[in-house]
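Chains, contacts and geometry: an overview
So you can see what is in the structure, the chains are spelled out below.
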Amino acid sequence: MNHRTYAPTPPMGWNSWDCYGAAVREEEIRGNADYMAKFLKPYGWEYVVVDIQWSEPGAVSSAYRPFVPLEMDEYSRLIPAVNRFPSAEGGKGFKPLADYVHSLGLKFGIHIMRGIPRQAVHANTPILGSEAGARDIAHTNSICPWNTDMYGLDPAKEGAQAYYNSLFQLYAEWEVDFVKVDDIAASRLYHIHAEEIAMIRQAIDNCGRPMVLSLSPGPAPLEYVEQFTANANMWRMTDDFWDLWPLLYNMFERCEKWAPYVDAGSWPDCDMLPLGHLGIRSVDGGGADRWTRFTKDEQLTMMTLWSIFRSPLMMGGEMRDNDEWTLGLLTNDEVLHLLRDGRGAKQVYREEDRIVWSSTDVQGNHYAALFNSSDEETEVRVTLEQLGLNTPVQVRDLWQHEDLGTKNDSIALTIPPHGAKLVKLTTA
């Protein structure tokens, strides 16, 4: 089965990093899954993802504790820390938690680091399906610059593919649906780890279970787009994205570059949505326990750009604390229709701090996103000719669910600082 069929539309879900860092606990995963099932599942949200270091018993925040022991099975594979994930006791791994998520009609995901645990290499523990030991397959100079858990694998070594195969065999037994692999799409030390990406693709194909493959961190190098498309379902095109306006402002340029490569099953990824209640145990992103620092207009800009570009949507905040505004951003049917069914998104123009994007959908409707990235209220205008239209159109504001009447030659909207408007255009 072609892996691109695993994610025919941009994946939508929740990831624990923005609120809990490396220290999320099972009850928090279950609680956010309950919330998603009740409030978000009808709108297409489905993935519940446990982010980094779930095998670290003493994790307390997003600050990693270097060179600490991790929980691991007899075949050099990391397993959940039982003090944080009690249902994993007795060697059950993530299977009971995945079962719970599945019982809600949702899908379960995990984060892993590429490679093999350093502690396995130092002890030379066995590899399932190979005579080689952990020390034989490790590339001990291939390290992550920001986390001490793993060594990379040497793809030329006998047993390296067997190790990745054994990992994804275990994840298939746990009934994992989504795997985010980190320190692989880009690295300050090594650029892209193309050979390990290919090994992971082979391991997923061998395991017999469809799993969406997400690659991090970014920015993924554009020149490797063919490797990303051939092996993964989504890949980060940005560094870690947080609730800071300069990072959002920078995303327009990234989206413009990557827009031609957005396709079914292959999603350049704008990273998580830092909305709602963040930083509960995550000190990353320059802030501790807080509500998002984005203004409401900035939140609309982010959701509009992500949706017209068709980025995966991964909510980062503690969803059980969502207010009506935050929930409304995540459950706007008309906007999410564009995310799922949009086609051919592109930047129409960028003049100083006025930016316009356009898109169509599979039904033939046209869309325009108008952005004001300045610090002052500004009118943003786009002509129907610029949008490729030659007949009058009826204009509908998708965020406000409001019809704006018929326009014959152009659309001009007054937009607040750092704000956006998203309109649907139908032939009048």
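Here is what the cut-offs are and how they apply
Residues numbered from 1 in each chain as written. Predicted model: local features only at pLDDT ≥ 70, side-chain atom pairs only at ≥ 80, totals over all residues. Heavy atoms only, no water. UniProt positions renumbered as here; feature names shortened; annotations may be inferred. Helix = DSSP H or I, 4+ residues; strand = E, 2+ residues; numbered from the N terminus. Core = buried A, V, L, I, M, F, W, Y, C linked by side-chain atoms within 4.5 Å. Buried < 20%, exposed > 50% of the residue type's maximum accessible area, 1.4 Å probe, protein only. Domains from an automatic or database assignment. Contact = heavy atoms within 4.5 Å.

- Per an unreviewed UniProt entry, the recorded name for the protein is Alpha-galactosidase, and the organism is Paenibacillus phyllosphaerae.
- UniProt, in its Catalytic activity (unreviewed entry) section for the protein, records the words "Hydrolysis of terminal, non-reducing alpha-D-galactose residues in alpha-D-galactosides, including galactose oligosaccharides, galactomannans and galactolipids."

What about unusual backbone geometry?
- Here the residue pair Ser216 and Pro217 is connected by a cis peptide bond, since its omega of -15° sits within 30 degrees of zero.
- Note that Pro217 resides in the loop between strand 8 (212-215) and helix 8 (225-231).
- Here the residue pair Gly218 and Pro219 is connected by a cis peptide bond, since its omega of 0° sits within 30 degrees of zero.
- Although it is not a glycine, Glu175 sits at a positive phi angle of roughly 65°.
- In this structure, Glu175 sits in the loop between helix 6 (160-174) and strand 7 (178-182).
- Despite not being glycine, Asp271 has its phi angle at roughly 80°, a positive value.
- Along the chain, Asp271 falls in the loop between strand 10 (267-269) and strand 11 (277-278).

Observations concerning the nonpolar core
- In this structure, Phe168, Tyr171 and Trp357 are the most contacted members of the largest nonpolar core, which totals 128 residues.
- If one sorts the elements of this core by residue count, helix 6 sits on top with 10 residues.
- When we break this core down by domain, the ones giving at least three residues each are domain 1 (3-331) and domain 2 (346-427).
- Residues within four places of Tyr171 in sequence aside, it is in contact with Ile110, Ile112, Val176, Val179 and Met211.
- Counting 16 residues, the second largest nonpolar core, distinct from the first, contains Tyr349, Val356, Val423 and Leu425.

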